Amino acid sequence: MVLAWRTGGIANAALAVTCALSIAAWAGGAGFGDDDDNSEEEGPSYFGFVRDTSGATVPDAKVTVGLKGRGGIITRTDLLGTYKVPGFGKDVDPKDVEVACDKPGYKQMRVVRRSAPSKDPKIPIETECTLQRI
Amino acid sequence: MRKWKAPRIACASLVIVAAASGRVPAESPFGDPNAEPAPFNPQMAALMSMLIQPRHAKLGLAGEAENWPLAAYSLKELRQGFAVASRAVPRWRGLPVPELFDAAVTQPLTLLDFAIKLKYSRQFNEAYEQLTAGCNACHATTDHSFIVIKVPNASGFPNQEFAPKR
């Protein structure tokens, strides 16, 4: 009987600790409002804006994110003038990744990498591409 | 988020069982009442719900009612909401929040400012539509296109008068 009570007490204590920890995690510590962050990318992704020379963003521009001499991924900018491309994998050196942009009526003026490669895979490599109207 | 549901239900049941057995945990699962207050650190979802969505709605309701002083105030509040959110969460999932806000809302906010100052209802409505489209474009960019913002078709603030004082 005593043994049963002790076992129950230990079990209850363990449950209480487990529940306290899980509820604290669920509550997000002192934060408020979960951000359902479940991104698990291997290498850094690639993100950026395409702008015109006035600084305005350019939607529906073609963006090529490629590896030197090995082809690449073609995407288009969205309504905000941004593009996103997932990482190529950890074996690819981000220095070998080139970004180019294009749109009818424009020519590419410059491409500026705005961020250094980060060890945090959640931080994308930002490259801004500027187009000039022709 | 969904993955916590099952453990939560299980834990709730277990706490009830523990309570029924007469041995409740000594400390509340929600924390220690004698602890120092923790800094409040709302994340993007909460900031949007607290600072942006209601202010967007109030701005729309004020403009619809042609209550220009209230619209001007609501616009200022909304601008400040974006500033606070982008300072609090400068990067969200690695994306640069200030730049996304800038691309999504700066132009319509400027147009709204002009429309309010000119008390020009049609331009207000167009700019407000543009602002709302900017919100949804930003949601799409951040993979949250399922959150669709729209021009309010009713007031969610029953204790506030939006019509101008006559």
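Residues numbered from 1 in each chain as written. Chains lettered and ligands numbered in written order. Predicted model: local features only at pLDDT ≥ 70, side-chain atom pairs only at ≥ 80, totals over all residues.

S.K.: Describe the overall build of chain A, and please don't skip the residues or the numbers.
M.R.: Counting its secondary structure elements, chain A contains one helix and eight strands. Reading the helices (α) and strands (β) of chain A from amino to carboxyl end gives α-β-β-β-β-β-β-β-β. Contacts spanning at least 24 positions in sequence make up 61% of the contacts within chain A whose residues lie at least 6 apart. (Helix = DSSP H or I, 4+ residues; strand = E, 2+ residues; numbered from the N terminus. Contact = placed C-beta atoms within 7 Å.)

S.K.: If you had to explain the overall build of chain B to someone new, which residues and values would you point to?
M.R.: For chain B, the count of helices and strands is five helices and three strands. A buried classification covers 31% of the 166 residues belonging to chain B. Within chain B, contacts between residues separated by at least 24 positions form 52% of all contacts whose residues are at least 6 apart in sequence. (Buried ≥ 20, exposed ≤ 12 C-beta atoms within 10 Å, placed from the backbone.)

S.K.: Pulling in residues and values, what's your account of the nonpolar core?
M.R.: Within the largest apolar cluster, 52 residues are counted, with the highest numbers of intra-cluster contacts made by Val50(A), Val63(A), Leu47(B), Leu100(B), Ala104(B) and Leu112(B). Each residue touching Val50(A), except ones within four places of it in the same chain, is listed here: Thr57(A), Val58(A), Ala61(A), Val63(A), Thr77(A), Gly81(A), Tyr83(A), Cys101(A), Cys129(A) and Leu131(A). (Core = buried A, V, L, I, M, F, W, Y, C linked by C-beta atoms within 7 Å.)

S.K.: Tell me about the packing of helix 2 (residues 44–64) of chain B against helix 3 (residues 68–88) of chain B, and name the residues and values.
M.R.: Residue and element names in this part refer to chain B. Look at helix 2 against helix 3: their axes get within 8 Å of each other, and the N-to-C directions meet at 165 degrees. On the basis of the axis angle, helix 2 is roughly antiparallel to helix 3. As helix 2 runs across helix 3, the sense of the crossing is left-handed. Contact with helix 2, carried on its side by Met44, Leu47, Leu51, Ile52, Arg55, His56, Lys58, Leu59, Ala62 and Gly63, involves Leu70, Ala71, Ser74, Leu75, Glu77, Leu78, Gly81, Phe82, Val84, Ala85 and Ala88 of helix 3 and no other residues of that element. Looking at the contact of helix 2 with helix 3 residue by residue, the class counts come to 14 nonpolar, four polar and three charged. (Axes fitted to C-alpha atoms, helices over the stretch in contact; angles between N-to-C directions. Parallel < 35°, antiparallel > 145°, perpendicular 65-115°, else oblique. Left-handed = near helix turned anticlockwise from the far one by under 90°. Nonpolar A, V, L, I, M, F, W, Y, C, P; charged D, E, K, R; others polar.)

S.K.: Lay out the environment of Asp91(A) with the relevant residues and their values.
M.R.: Residues and elements named next belong to chain A. Structurally, the position occupied by Asp91 is in the loop between strand 5 (82–85) and strand 6 (97–102). Note on Asp91: 7 C-beta atoms within 10 Å, which makes it exposed. Each C-alpha atom, one on Asp91 and one on Asp120, is 15 Å from the other, the two residues being 29 residues apart in sequence.

S.K.: Tell me about unusual backbone geometry, and please be specific about residues and values.
M.R.: The phi dihedral of Glu66(B) falls on the positive side, at around 55 degrees, and the residue is not glycine. Inspection of the secondary structure assignment puts Glu66(B) in the loop between helix 2 and helix 3.

S.K.: Mind laying out the confidence of the model for chain A, listing which residues take part and the relevant values?
M.R.: For chain A, the average pLDDT comes to 76, and 65% of its residues sit at 70 or higher. Between the elements of chain A, mean pLDDT differs from a low of 44, seen in helix 1 (residues 2–27) of chain A, to a high of 96, seen in strand 2 (residues 46–52) of chain A. (pLDDT = per-residue confidence, 0-100.)

S.K.: Can you tell me about the packing of helix 3 of chain B against helix 4 (residues 97–118) of chain B, naming the residues and giving the values?
M.R.: Residue and element names in this part refer to chain B. Relative to each other, helix 3 and helix 4 sit at 170 degrees, their axes nearing to 11 Å. By the angle between their directions, the pair helix 3 and helix 4 is classed as roughly antiparallel. Across the interface between the two elements, Trp68, Ala71, Ala72, Leu75, Arg79, Phe82 and Ser86 from helix 3 touch Val97, Pro98, Phe101, Val105, Leu109, Leu112, Asp113 and Ile116 from helix 4. Tallied by class, the residues present in the contact of helix 3 with helix 4 amount to 12 nonpolar, one polar and two charged.

S.K.: Please set out the sheet that holds strand 5 of chain A residue by residue, giving values where relevant.
M.R.: Residue and element names in this part refer to chain A. One open sheet accounts for four strands, arranged 5-2-8-7; its pairing is mixed. At either margin of the open sheet sits one strand with a lone partner, and together these are strand 5 and strand 7 (106–113). Mean inter-strand twist for the sheet, computed between neighbouring axes without regard to direction, equals 25 degrees. Pairing analysis gives four bridges linking strand 2 to strand 5, with the strands arranged antiparallel. Bridge pairing in strand 5 places Phe47 opposite Lys84. (Pairing = 2+ DSSP bridges.)

S.K.: With reference to specific residues and values, describe the sheet that holds strand 6 of chain A.
M.R.: Remark on secondary structure: sheet strands pair via backbone hydrogen bonds, oriented parallel or antiparallel. Residues and elements named next belong to chain A. With antiparallel pairing, the three strands of this open sheet are ordered in space as 4-3-6. The sheet is open, and its two edges are formed by strand 4 (71–76) and strand 6, each paired on a single side. Each adjacent strand pair in this sheet contributes to an overall mean axis angle of 20 degrees, direction not counted. Here strand 3 (residues 62–67) pairs with strand 4 via six bridges, running antiparallel. Within strand 4, the position partnered with Thr64 by the bridge is Ile74.

S.K.: Which residues make up helix 2 of chain B, and what are the values?
M.R.: Residues and elements named next belong to chain B. The terminal C-alpha atoms of helix 2, which comprises 21 residues, lie 28 Å apart, in line with the 30 Å expected from a rise of 1.5 Å per residue. Of all the bends in helix 2, the greatest reaches close to 30 degrees and is centred on Ile52; the proline Pro54 follows between one and four positions later. Across the 21 residues that make up helix 2, a large majority, 15, are buried. Trailing helix 2 by a residue or two, Glu66 shows a phi angle of about 55 degrees, which is positive. (Expected span 1.5 Å × (residues − 1). Bend = angle between axes of the 7 residues up to and from the residue.)

S.K.: Can you break down helix 4 of chain B residue by residue, with the values?
M.R.: The periodicity of an α-helix, 3.6 residues per turn, causes residues three or four places apart in sequence to face the same way. The end-to-end C-alpha separation of helix 4 of chain B is 31 Å, in line with the 32 Å expected for 22 residues at 1.5 Å each. The largest bend along helix 4 of chain B reaches roughly 45 degrees and is located at Val105(B), with the proline Pro108(B) sitting one to four residues downstream. Looking at the buried positions of helix 4 of chain B, the neighbouring elements they touch are strand 2 of chain A together with helix 3, strand 2 (91–92), strand 3 (95–96) and helix 5 (121–141) of chain B. One or two residues past the end of helix 4 of chain B sits Lys119(B), with phi positive at roughly 55 degrees.

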